[in-house]
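Breakdown of the fold
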Amino acid sequence: MSSVDLDMALKRYNKPRENINTEDERQAACVAEFRQDLICLVSGKHAAVMTHLLQGVENAAAGAAYQHVDPLGPRQTAVSGREDQELVAPYFTCPHLPTLEEEMLLAHSPGGALCMAHNGWVMADDPLRNFALPGSNVYLRRELVAWGDSVKLRYGDKPEDSPFLWAYMTEYVVQTARIFAGLRLDNCHSTPLHVASYMLDKARQVRPDLYVSAELFTGSEAKDNVFVNNLGISSLIREGMAAWDSHELGRMVYKYGGAPVGSFKWTSSTAELSPGTAHALFMDWTHDNPSPVEKKTVQDMLPSAALVSMAACAVGSNRGYDELVPHHIHVVSEDRPYAGWSCLGDSTGMVVARRELSRLHQRLASEGFSEVFVDQMNRDVVAITRHCPTNRRSVIMVAFTHFFPGNVMEATGLKLEVEGRLLKVLLQGKMV
């Protein structure tokens, strides 16, 4: 609620007026000017609030359409008072009360401390700003893509602001670092930078060589580097599924997959420090995305996996890719167990192909094939060269991608000329 400092108002508005003869008229003119300025201030605030409310209504309607109607959404058919069946995704978890009036009273009472705001992410938001702090209108405007299974923790600026929370999470992070050689910072862009820095410092006290990968969507390479440099992130997770065609996937392999062939790079272990692209953990599929079968074609799963495996960086995949699972495996709502490895033989999906691609990836890394070249032969065919700068050997992968269902370019007549001697074909495969 806004208020007026009347002492300051008197100093500002209670002043002499020209062409006014009586004291009553002078006071009336002062009050009129004061009233007009208040009206202008209130009008500006009213317009801002109405803009927020209208945007909130639009986003709520868009969210409901995505939840229940949009073919790309979950298309939920049930709507009820249950949290998993609400018309729009809930932003808060609160004690269950029978009426809206009681919920409103709770929110404005000391018991409102039991209401917990859900965490999530905000499209195109500044990742260095905490969207849950005062001054943010993200929740009012319903701009948050909320996660119903997690809440936004309020750490404050230092451990003294919330001693229990800092101590509890520190113990959790330290225990995790003792058990595992590496950690993944999920939704790193929505984690306060000072909190992540503090926790990683504690983790490195028990494991100095901790491997830290991070899911980071800042929309800016410069802001990516702020997180990488401040937190000492080993690898940023990059997603091959973000590519909309083979050209974009090839560009990602070139960007994250090593030095260009023939570049003037140090080849010894004592290379000088210089700026560079943050190291990548390049994934062909992550748990956040629909199945490649849904977004592209099942025929593309082998060539796209092969292209990713040719990058000279850390690579990875998601359970279900090699088994050609045709749908998204939802990490929250899916309760069916995975098939045990004893149930999966070499005839399952592309298990054998993955094994050979992984062996090739490891071999190229161990034998010094640190340089990469990408040749876009046509819209669907990509050739990637991994080159060893010390002995001048090369390994070339040619992949015939299938990004577009029922729309494949003819590859007849394409030529790939290779200098030197061709020693042998390491592997070949296709989807049948």
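Starting afresh in each chain, residues are numbered from 1 along the sequence in its written order. Reporting in this predicted model follows two pLDDT cut-offs: at least 70 for local features of residues, and 80 or more for side-chain atom pairs to be given and counted; totals over whole chains, interfaces and linings ignore these cut-offs and use all residues. Processing note: side-chain calculations cover all non-hydrogen atoms of the structure and skip hydrogens and water entirely.

1. Re the sheet that holds strand β11 (residues 381–387)
Spatial ordering of the open sheet is given by β7-β10-β11-β12, a layout of 4 strands whose pairing is mixed. Every interior strand has two partners, whereas the edge strands, β7 (259–260) and β12 (394–400), have only one. A pair of strands counts as paired when DSSP detects no fewer than two bridges linking them. The helix count covers DSSP runs of H or I at least four residues long, the strand count covers runs of E at least two residues long, and both are numbered beginning at the N terminus. Pairing of β11 with β12, which is carried by 7 bridges, proceeds in the antiparallel orientation. Note on β12: the bridge partner recorded for A383 is V398. Contacting β7, β10 (371–376) and β11, helix α7 (residues 246–256) crosses the sheet at an angle of about 165 degrees to β10. Between two residues, a contact is recorded if the distance between any of their heavy atoms is within 4.5 Å. Here an angle of 0 to 180 degrees is reported between the N-to-C directions of two axes, which are lines fitted to C-alpha atoms, with helices fitted over the stretch in contact.

2. Comments concerning the nonpolar core
The set of buried Ala, Val, Leu, Ile, Met, Phe, Trp, Tyr and Cys residues whose side-chain atoms join them within 4.5 Å is what this entry labels a nonpolar core. When accessible area is computed with a 1.4 Å probe and restricted to protein chains, residues below 20% of their type maximum are described as buried, those above 50% as exposed, and intermediate ones as partly exposed. With 33 residues, the main nonpolar core has L249, V253, F282 and I384 as its most contacted residues. At the level of secondary structure, the elements contributing two or more residues to this core comprise α7, β8 (280–283), α9 (301–309), α10 (351–366), β10, β11 and β12. Here the element with the most residues in this core is α9; it accounts for 6 residues. Those residues in contact with V253, other than ones at most four positions away along the chain, are F282, L307, A311, V372, V374 and I384.

3. Brief notes about the side chain of S235
Within the secondary structure layout, S235 lies in strand β6 (residues 235–239). For S235, the side chain forms a polar contact with the side chain of Y211, separated by 2.5 Å. Setting aside anything within four residues of it in sequence, one finds S235 in contact with Y211, V212, S213, A214, H279, A280 and L281. For this analysis, a polar contact is any N or O atom pair within 3.5 Å, provided that within protein one partner can donate a hydrogen and the other can accept it, and provided that sequence-adjacent residues contribute only side-chain to side-chain pairs.

4. Describing the side chain of K152
Within the secondary structure, K152 sits in the loop between β3 (144–151) and α4 (163–179). For this count, His and the chain ends are skipped, Lys and Arg are scored as positive, and Asp and Glu as negative. For this analysis, a salt bridge means a side-chain nitrogen from Lys or Arg found within 4 Å of a carboxyl oxygen belonging to Asp or Glu. D125 provides the closest opposite charge to the buried, salt-bridge-free K152, at an N-O distance of 8.4 Å. For K152, the side chain forms a polar contact with the main-chain oxygen of S190, separated by 2.9 Å. Apart from residues no more than four positions distant in its own chain, K152 is found in contact with A117, H118, N119, N130, F131, A132, Y139 and S190.

5. Overview of the sheet that holds β3
Sheet architecture is open: 3 strands sit in the order β1-β2-β3, paired in antiparallel fashion. For this open sheet the edge positions go to β1 (92–93) and β3, each flanked by a neighbour on one side alone. In terms of strand pairing, β1 meets strand β2 (residues 116–122) through 2 bridges, oriented antiparallel. Directly across from F92, in β2, lies its bridge partner A117.

6. Quick notes on helix α2 (residues 23–68)
Each helix should span, by expectation, one fewer than its residue count multiplied by 1.5 Å. In this model, α2 (46 residues) spans 67 Å end to end at C-alpha, consistent with the 68 Å of a helix rising 1.5 Å per residue. Residues R26, C30, H52, G56, A60, A64, Q67 and H68 constitute the buried set of α2. Elements in contact with the buried residues of α2: α1 (6–13).

7. Comments concerning the environment of V31
With respect to the helices and strands, V31 occurs in helix α2. Spatially, the C-alpha atoms of V31 and L10 are 9.8 Å apart, while their sequence positions differ by 21 residues.

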